[in-house]
Amino acid sequence: VAQGYMARLLVAFPRTPAERAAVDWRRVLQKLDSAAITRPFGQLANAQISGTTSAYLQHTQLQTNSRTHMRLIGPADTSGAFQAWLRAPAAQRAPFDVVTPDRRVHGVGGPRTRGTYFERLNVQTMPQGQGSYLLSNYRGVRYGTNFFQTGFIPTLTPTELGFIRAEAFIRLGRRQEAADIVNRTRVANGQLRPVGPDGPPAGRDCVPRRDDGTCGGLFDALMYEKRIELH
């Protein structure tokens, strides 16, 4: 467990892209090999015991004054709505429906059906005083829909360490090995087409997309997968 936390700290310490690229990625792989975590590490939460619950997990479920930001799930959109949202002045941005083949965001029935990780809400209850660009139609449902958390709360998981390993592989030129890791959750959980060394397959159903609407590369796919799975 300690080795796993060391690997996380090595890659989380940099504050700029240049610093991130300068990380000793071979050392990171050594830490990950020493960690060899096969199941999540975490804590048992009890809503009646102060300090054991997770405010972060609670906030993923909110539907009143806080919701899932469009920046998180926007790259999954294949309709162009996310790019239109980005181009609009901040004061004119409004929540939109994400259209995607990623089944974590919405179901096979369309953008207004519930996905495995997120759901679209039919009523907008977020306050607009801080700006309409913060509004969202979505909340997380992966960890339930009750504000208070009980039971096991993971704090370090094999999935997270796998994504760190994938980044190390990309940085070291081992792109197919990185793609194999990305595909573990991308295909099984998102039901998306697998990525290769160059990234997602091109086409209308490409996920994720960059801010300009072009199909993302392998590193874009890793960033998207890491954000969605660790949200």
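Our structure's up above, just so we're on the same page.
Take the pattern of salt bridges next. One pass over the structure, following the stated rule, counts 16 salt bridges. When the shortest N-O distance is used, the salt bridge between Arg71 and Asp211 registers 3.2 Å. Of this pair, Arg71 sits in helix 5 (residues 70-73) while Asp211 sits in the loop between helix 8 (175-188) and helix 9 (218-230); the two residues are 140 residues apart in sequence, bridging distant segments of the chain. According to the relative accessible area criterion, Arg71 is partly exposed, its value standing at 42%. Residues joined in a network through salt bridges with shared partners are Asp102, Arg104, Arg142, Glu225 and Glu229.

Look at the link from Val207 to Pro208: it is a cis peptide, with omega at 5 degrees. Phi is positive for Ala36, which is not a glycine, with a value near 50 degrees. A residue is classified by how much of its surface remains accessible, and Ala36, at 54% relative accessible area, is exposed. Even without glycine at this site, Gln191 takes up a positive phi of about 55 degrees.

Counting 25 residues, the largest nonpolar core has Val28, Leu32 and Leu161 as the members making the most contacts within it. With 7 residues, helix 7 (residues 158-171) is the single largest residue contributor to this core. In contact with Leu32, other than residues within four places in its own chain, are Ala7, Leu161, Ile164 and Arg165.

To describe a pair of aromatic rings, one takes the distance between the centres and the angle between the planes. What the rule picks out here adds up to 3 aromatic pairs. Judged by centre distance (6.3 Å) and plane angle (40 degrees), the ring pair of Phe82 and Phe96 falls under tilted. Note that Phe82 is positioned in helix 6 (residues 81-87) and Phe96 in the loop between helix 6 and strand 2 (118-120), a separation of 14 residues in sequence. The exposure class assigned to Phe82 is buried, which follows from its relative accessible area of 0%. The buried category is assigned to Phe96, whose relative accessible area is 10%. Measuring from centroid to centroid gives 6.2 Å for Trp85 and Phe96, while their planes differ by 55 degrees, and the two rings are tilted. Placement of Trp85 in helix 6 and of Phe96 in the loop between helix 6 and strand 2 is noted, with a sequence separation of 11 residues between them. Here Trp85 and Phe96 have matching classes, each one buried. Here the aromatic residues Phe82, Trp85 and Phe96 are joined through ring pairs into a cluster of three or more. When the ring centre of Trp85 is taken as origin, the NZ or CZ atom of Arg93, which lies over that ring, is 4.6 Å away.

Procedures and definitions
- Residues numbered from 1 in each chain as written.
- Predicted model: local features only at pLDDT ≥ 70, side-chain atom pairs only at ≥ 80, totals over all residues.
- Heavy atoms only, no water.
- Salt bridge = Lys/Arg side-chain N within 4 Å of Asp/Glu carboxyl O.
- Helix = DSSP H or I, 4+ residues; strand = E, 2+ residues; numbered from the N terminus.
- Buried < 20%, exposed > 50% of the residue type's maximum accessible area, 1.4 Å probe, protein only.
- Core = buried A, V, L, I, M, F, W, Y, C linked by side-chain atoms within 4.5 Å.
- Contact = heavy atoms within 4.5 Å.
- Phe/Tyr/Trp six-rings, centres within 6.5 Å; stacked < 30°, edge-to-face > 60°.
- Lys NZ or Arg CZ within 6 Å of the ring centre and 35° of its normal.

Purely geometric stuff here, so don't read any function into it on its own.
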